[in-house]
Amino acid sequence: MLVRRLDPILVDRIAAGEVVERPAAAVKELVENAVDAGASSIEITVEAGGRRLIRIIDDGQGMTPDDLELAVERHATSKIPDGDLFSINTLGFRGEALPSIGAVARLAITTRTADAETGSMIVVEAGVKHPVRPASAPKGTRVEVTDLFAATPARLKFLKSDRSEAQAVAEIVKRLAIAHPTVRFTLSGEHITAFTYPPEEPGEHGFLRRLSRVLGSDFHENAMSIGVEREGVRLTGFASLPTYHRGTSTSIHFVVNGRPVRDKLLLGAVRGAYADVMASDRHPVLAMMIDLDPRAVDVNVHPAKTEVRFRDPAFMRGFVVAGIKEAINRFGMRASSTVGTRTLESLRPQGALPSHGSYGHHRPSIIRPSSGFANWQAPLDPAPQSYAPASGLAEAQAHLPDLAMPSADSRATLTDVAPEMEAAPLGAARAQVHGTYIVAQTQDGIVIVDQHAAHERLVYERLKRERASSGIGRQLLLIPEVVDLDPVDADRVLAEASMLEGLGLVVEPFGHGALLVREVPSALAGGSIKELVQDVADALAEWGQGATNPLEERLDAVLSRMSCHGSIRAGRRMRPEEMNALLREMEATPLSGQCNHGRPTYVELKLTDIERLFGRR
């Protein structure tokens, strides 16, 4: 078979397969061109998911007729003036987007510069370029792409539904809107909920407003500010509190030198930063900008320019992890506002009470009882009983034999509380319910604390502090305990015996699949040793052996499992002074707003919200 040179139009169509894989990719390339042109407003319209029409209108600097004719030629660009691929300061640089789109669709570009009397227009159909002609146009550029992939019908079979393609376009526009908050973005079309993101002022406040518009209005009050700089690299942006998370990683946004990217290294850094405070199947919401010398990052490693390669990946990963962890430690005691919101929604009855001032104008709504009280009904004709005045709760309950006794020491509600205790962030303990939850009163509401989850975090942080300072204290067992495990688990634990000794757990081999435990961490004394060792084995299995993970992360993973065994268990009665001591320690401990698994340790309900539940507001 003879080797022959391919037809130029066929070459462009092959290249289009890499650059324009779907309508969203075409939108991305065209919007990036508009941003590079200095546009302050960009309008995007799509029909049939972008397959039938893509229209991009911007108010950028526009092009001259000569530049317009050259712009649709392959590898023609104005963005690398000195030919240095290692110093790229623009989003586009290859000069492939316009000719690739024109090779598989009908491409029409109308443009005018600020000093030109008339505009110019060019049309490219299936790779065939028509001459430039004068046209009436405002300053800026208008690009219309119609019948995408008409020249390559086989590609149409690989597209998803119009709705799916339209949603992909919306996602691309949102990512670009986050990367460029000072630019107005407008998106409209079929199968899309139209939106407009107005331009924001430069700086942190403007960026946060743009994020609230894109990521949701509740992100604003659940965001942690991040701003660190080291060795010429600056990391700025906002990340969500550990208790504010999503089921997928689509709400994680990184912008490198103005370019939105989805980079595995950065996603892994986020996972490592939140490993201590979030469940492994949940993902934070964040948007961060990384600014560094263009020569320290290679953006020419992916046809769609969605991935980058850093010159020093280890430094970059550690830098991002440290920046996020610093913010988590700074905001660690806070729980997200959505925790309290979900609690109120679960308490709110299906019907709604009218506001306090509406009773004179509207009939009260019908309140439907929750499922727990659906079959409850007070006796219609109760047997006559004689009730004598009672001076205390115990005497009153003597006349009500069918009511259960409180699950906690009722004296918690009768103890005098110092005003400064209620002024504390978590307030003063008033009661314990179901032997599991502490109810505390603050100056403007109540706080409900999960005693086991909260103490688990406190024990974990204590073990980490001991490990970092003088070492974890150990307690020698009077009678060493033999623990039987699966032989594979036993071998895994013995292989890490030296590391575990540094964490306060001393084990020795004791036959096939058996371990002899001689010492345990002092903070965990009194717990189930077998469950402790089994959890340690599970943690080692989850993280793997050897140097596949940073040592500190592996140690923290083991300590996280171990801390559960030294925590106050659900069902344990606590005295008022014990409950208040737990609240004060939570206030003084970093990351106490969530347990080791990412669940919130407390819920705060404001008094105004409680009053709304009862129609008092």
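Keep in mind the model is a prediction, meaning the values are calculated, not measured.

What counts and what doesn't
- Residues numbered from 1 in each chain as written.
- Predicted model: local features only at pLDDT ≥ 70, side-chain atom pairs only at ≥ 80, totals over all residues.
- Heavy atoms only, no water.
- Salt bridge = Lys/Arg side-chain N within 4 Å of Asp/Glu carboxyl O.
- Core = buried A, V, L, I, M, F, W, Y, C linked by side-chain atoms within 4.5 Å.
- Buried < 20%, exposed > 50% of the residue type's maximum accessible area, 1.4 Å probe, protein only.
- Contact = heavy atoms within 4.5 Å.
- Helix = DSSP H or I, 4+ residues; strand = E, 2+ residues; numbered from the N terminus.
- pLDDT = per-residue confidence, 0-100.
- Pairing = 2+ DSSP bridges.
- Axes fitted to C-alpha atoms, helices over the stretch in contact; angles between N-to-C directions.
- Parallel < 35°, antiparallel > 145°, perpendicular 65-115°, else oblique.
- Left-handed = near helix turned anticlockwise from the far one by under 90°.
- Nonpolar A, V, L, I, M, F, W, Y, C, P; charged D, E, K, R; others polar.
- Phe/Tyr/Trp six-rings, centres within 6.5 Å; stacked < 30°, edge-to-face > 60°.
- Lys NZ or Arg CZ within 6 Å of the ring centre and 35° of its normal.
- Expected span 1.5 Å × (residues − 1).

This paragraph deals with the pattern of salt bridges. This model, assessed by the stated rule, comprises 29 salt bridges. With its nearest N and O atoms 2.9 Å apart, the salt bridge here joins Glu-422 to Arg-430. Bridged by salt links that share partners, the residues Glu-200, Glu-201, Arg-209 and Arg-213 form one connected network.

All right, on to the nonpolar core then. Core analysis: the largest hydrophobic core is formed by 59 residues, its most contacted members being Val-31, Ile-42, Ile-44, Leu-107, Val-145, Phe-185 and Phe-219. What Val-145 contacts, discounting residues up to four positions off in sequence, is Leu-30, Arg-52, Leu-53, Ile-54, Ile-101, Ala-105, Arg-106 and Leu-107. The next biggest cluster of nonpolar side chains, apart from the first, holds 37 residues, and it includes Ile-226, Leu-266, Ala-273 and Phe-319.

Next up on the list: the side chain of His-180. Tracing the backbone shows His-180 in the loop between α6 (162-179) and β8 (184-189). Among all residues touching His-180, those that are not within four sequence positions of it are Val-35, Leu-91, Phe-185, Arg-210 and Gly-258.

Turning next to unusual backbone geometry. With a phi close to 70°, Phe-149 is a non-glycine residue in the positive phi region. Relative to the helices and strands, Phe-149 is located in the loop between β7 (140-146) and α5 (153-156). Residues other than glycine seldom take positive phi values, yet Leu-591 does so here, at roughly 65°. Within the secondary structure, Leu-591 is located in the loop between α18 (576-588) and β25 (602-606).

Here the focus is the confidence of the model for the protein. In low-pLDDT regions, the fine details of the predicted coordinates are not to be read closely. Mean pLDDT over the protein: 81, with 79% of residues reaching 70 or higher. A low-confidence stretch, residues 351-414 (pLDDT under 50), is modelled with 50 contacts involving residues beyond four sequence positions or located in other chains.

Next up on the list: the pairing of strand β24 (residues 514-521). Most of β24 is tucked away, with seven of its eight residues classed as buried. Pairing geometry for strand β22 (residues 474-484) and β24, over seven bridges, is antiparallel. By the bridge assignment, Val-482 is partnered in β24 with Leu-516. When strand β23 (residues 506-509) meets β24, the two strands line up antiparallel, connected through four bridges. When the sheet's bridge partners are listed, Pro-509 is paired in β24 with Leu-515.

Here helix α2 (residues 23-36) crosses α6 at 30°, and the two axes come no closer than 8 Å. The angle between α2 and α6 falls in the class roughly parallel. Regarding α2 and α6, the two cross each other, and that crossing is right-handed. Along the contact surface, α2 presents Pro-23, Ala-24, Val-27, Lys-28, Val-31 and Glu-32, while α6 presents Glu-165, Ala-168, Val-169, Ile-172, Val-173 and Leu-176. Among the residues making up the contact of α2 with α6, the classes are represented as nine nonpolar, no polar and three charged.

What follows covers the sheet that holds strand β11 (residues 233-240). Strands sit in the order β10-β11-β16-β13-β14 across an open sheet of five strands; the sheet is mixed. If you trace the sheet from one side to the other, it starts and ends with β10 (223-230) and β14 (259-261), each paired once. Here the average twist between neighbouring strands, direction ignored, is 20°. By the bridge criterion, three bridges tie strand β13 (residues 252-256) to β14 in an arrangement that is antiparallel. If you follow Val-256 over to β14, its bridge partner there is Arg-259. On top of the sheet, helix α7 (residues 204-215) reaches β10, β11, β13 and β16 (286-291); it is set at about 45° to β11, its chief contact.

So, about the packing of aromatic side chains. Considering all chains together, one arrives at four aromatic pairs under this definition. With a centroid separation of 6.3 Å and an interplanar angle of 45°, the aromatic rings of Phe-207 and Phe-238 are classed as tilted. Taken as a pair, Phe-207 in helix α7 and Phe-238 in strand β11 lie far apart in primary sequence, 31 residues in all. In this structure Phe-207 comes out as buried when scored by relative accessible area, which is 8%. The class for Phe-238 is buried, based on a relative accessible area of 5%. Over the face of the ring belonging to Tyr-460 we find Lys-464, whose NZ or CZ atom lies 4.7 Å from the ring centre.

Right, let's get into α7. The end-to-end C-alpha separation of α7 is 16 Å, in line with the 16 Å expected for 12 residues at 1.5 Å each. If you check which residues of α7 are buried, you get Gly-206, Phe-207, Leu-208, Arg-210, Leu-211, Ser-212, Val-214 and Leu-215. At the C-terminal side of α7, Gly-216 shows a positive phi close to 120°.

Before going further, it helps to examine the sheet that holds strand β19 (residues 428-433). The sheet built from four strands is open, its strands ordered β19-β20-β21-β25 with antiparallel pairing. Strands with a single pairing partner mark the edges of an open sheet, and in this sheet they are β19 and β25. Strand after strand, the sheet turns through a mean of 20° between neighbouring axes, direction not considered. Two elements, β19 and strand β20 (residues 437-442), share five bridges in a ladder whose sense is antiparallel. Residue pairing in the sheet places Val-433 in a bridge with Tyr-437 of β20.

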